[in-house]
Amino acid sequence: MDRYQRIVVGTDGSEAAQLAVTVAGEVALRLGVPITALTVWKERARKSALDPESAVRISAAAVDTLVEAGLAEVTALDMPGTPSAALLEVGAKDPGTLLVIGARGLGRSKDRLTSSTANHISHHSPTDVLFTHKVPKRWTTVGLATDGSESSMLAVRRGYDLALELGARPFLVTATKTDADGAETLAQVHAALTLDDPELLGHDVLTGVPPAEALCNAAWKYDLVVIGNRGMSGPARLLGSVANKVTHDIDTNLLLVATTHVPDDPDPDPGPPR
């Protein structure tokens, strides 16, 4: 496995962030990698932003949670700036980093336009990002979204290996017009993979509605859905990008794999979430 070398989880002490810390801790424990709890404070803080003392207290609490969960290599990082810029900076320093953040703000258009850290990161991260929606009782199923393209194959391979690390069963998932088309796509993808246990990999063909809607409708089946980030940046995200719609509408944990280069984008950093 092209393994993650470390996990960085963003926390501001909110309920959504605490959920992210819990999920990040479980993943780090399964992978056996170091984890860093990152909290960001503003040098010229408005009332809703964190000050340095609060940031230290929040990151220390996250460290305590992670240590109690059984993790040995845990660090805290407190830095000034805006949450999305800080997370992107830390993630960009090491391509082996997995960012983990709460999904708050992804599903509401108002938040996406004004203040969502998660939204900004989804469109700009050069590394993989896990957006958390829930803490599974145990990891049982992971859905690997694919349309048969080369970029989606990169996400499938990353997700397959992660599923095995989590002790979950991986499923290839595709959304097509007909069952026959879907079965053909999944057969081709399956054949292109080199697997120790081919029977472990399940198949799930979704039909009847547009691909993004189909994937979101089927999200209840999976503790984690994995999809490549093709179409998450530039004009493509405004032209019906499946990855973009899934990222904003899905209600289960989502691993957005950086399968494409994320170019510089003129969109401003939205700043800390409100």
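In what follows, the structure referred to is the one given above.
Residues numbered from 1 in each chain as written. Predicted model: local features only at pLDDT ≥ 70, side-chain atom pairs only at ≥ 80, totals over all residues. Heavy atoms only, no water.

**Remarks on the pattern of salt bridges**
Working step 1: The full count for this structure, using the stated rule, is 7 salt bridges.
Working step 2: When the shortest N-O distance is used, the salt bridge between Arg3 and Glu165 registers 3.4 Å. In this pair, Arg3 is assigned in the segment before strand 1 (6-10) and Glu165 in helix 6 (residues 150-166), connecting sequence segments 162 residues apart.
Working step 3: With a relative accessible area of 28%, Arg3 lands in the partly exposed category.
Working step 4: For Glu165, a relative accessible area of 25% translates into the label partly exposed.
Working step 5: Across the pair Arg104 and Asp12 runs a salt bridge, and its minimum N-O distance is 2.9 Å. Remark: Asp12 occurs in the loop between strand 1 and helix 1 (15-31) and Arg104 occurs in the loop between strand 4 (97-102) and helix 4 (109-114); sequence separation between them is 92 residues. (Salt bridge = Lys/Arg side-chain N within 4 Å of Asp/Glu carboxyl O. Helix = DSSP H or I, 4+ residues; strand = E, 2+ residues; numbered from the N terminus. Buried < 20%, exposed > 50% of the residue type's maximum accessible area, 1.4 Å probe, protein only.)

**Some thoughts on helix 1**
Working step 1: Under the 1.5 Å per step criterion, the end-to-end length of helix 1 is 25 Å for 17 residues, consistent within 8% with the ideal 24 Å.
Working step 2: Those residues of helix 1 lying buried are Ala17, Ala20, Val21, Val23, Ala24, Gly25, Val27, Ala28 and Leu31.
Working step 3: Directly beyond the C-terminal end of helix 1, a positive phi value near 70° is found at Gly32. (Expected span 1.5 Å × (residues − 1).)

**Description of the environment of Asp2**
Working step 1: Counting through the fold element by element, Asp2 comes out in the segment before strand 1.
Working step 2: Exposure remark for Asp2: the relative accessible area of 55% places this residue in the exposed category.
Working step 3: The spatial distance from the C-alpha of Asp2 to the C-alpha of Arg158 is 7.4 Å, given a sequence separation of 156 residues.
Working step 4: In contact with Asp2, not counting residues within four places along its chain, are Arg158 and Asp161. (Contact = heavy atoms within 4.5 Å.)

**Observations concerning the sheet that holds strand 9 (residues 224-228)**
Working step 1: Overall, mixed pairing links the 10 strands, which are arranged 3-2-1-4-5-10-9-6-7-8 in an open sheet. The sheet is open, and its two borders are formed by strand 3 (74-80) and strand 8 (202-206), each paired with just one other strand. If you compare each strand with its neighbour and ignore which way they point, the axes differ by 25° on average.
Working step 2: The pairing of strand 6 (residues 141-145) with strand 7 (residues 169-175) spans 5 bridges and is parallel. Counted as the bridge partner of Val142 is Pro170 from strand 7. (Pairing = 2+ DSSP bridges. Axes fitted to C-alpha atoms, helices over the stretch in contact; angles between N-to-C directions.)

Keep in mind these values describe shape, not function.
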